Amino acid sequence: MNKPEQKYRWPWFALTAVLLGLLLAVLWVGSAARKIAQQRDYNAPLPATAPNR
């Protein structure tokens, strides 16, 4: 009469996949935002030029 409780493992894999996807999306968007901010910074010196002193 007393059946042992079934412990499913697949929900943990699904939760891990969702959290990993969310983390990667946040990192991807942060990287893209940093790249865009760097491209829009008109006052920054060009990488190939040396500073004038």
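Our subject is the structure listed above.
Just so it is clear, the model here is predicted, and its values are computed rather than measured.

Trainee: Explain the overall build of the chain residue by residue, including any values.
Mentor: A tally of regular secondary structure across the chain gives 1 helix and 0 strands. By the burial criterion, 0% of the 53 residues in the chain qualify as buried. Taken as a whole, the chain presents about 6100 Å² of accessible surface, with 64% of it coming from carbon and sulfur.

Trainee: Explain a nonpolar patch on the surface to me, using residue names and the numbers behind them.
Mentor: A cluster of nonpolar side chains, contributed by W12, L15, L19, L22 and V26, occupies part of the molecular surface with about 550 Å² of accessible area. Within the secondary structure, W12 sits in helix α1 (residues 10-40).

The rules behind the values
- Residues numbered from 1 in each chain as written.
- Predicted model: local features only at pLDDT ≥ 70, side-chain atom pairs only at ≥ 80, totals over all residues.
- Heavy atoms only, no water.
- Helix = DSSP H or I, 4+ residues; strand = E, 2+ residues; numbered from the N terminus.
- Buried < 20%, exposed > 50% of the residue type's maximum accessible area, 1.4 Å probe, protein only.
- Areas by Shrake-Rupley, 256 points an atom, 1.4 Å probe, with all protein chains shown as cover.
- Patch = residues over 30% accessible without salt bridge, like charges linked within 9 Å, V, L, I, M, F, W, Y side chains within 5 Å.
- Salt bridge = Lys/Arg side-chain N within 4 Å of Asp/Glu carboxyl O.

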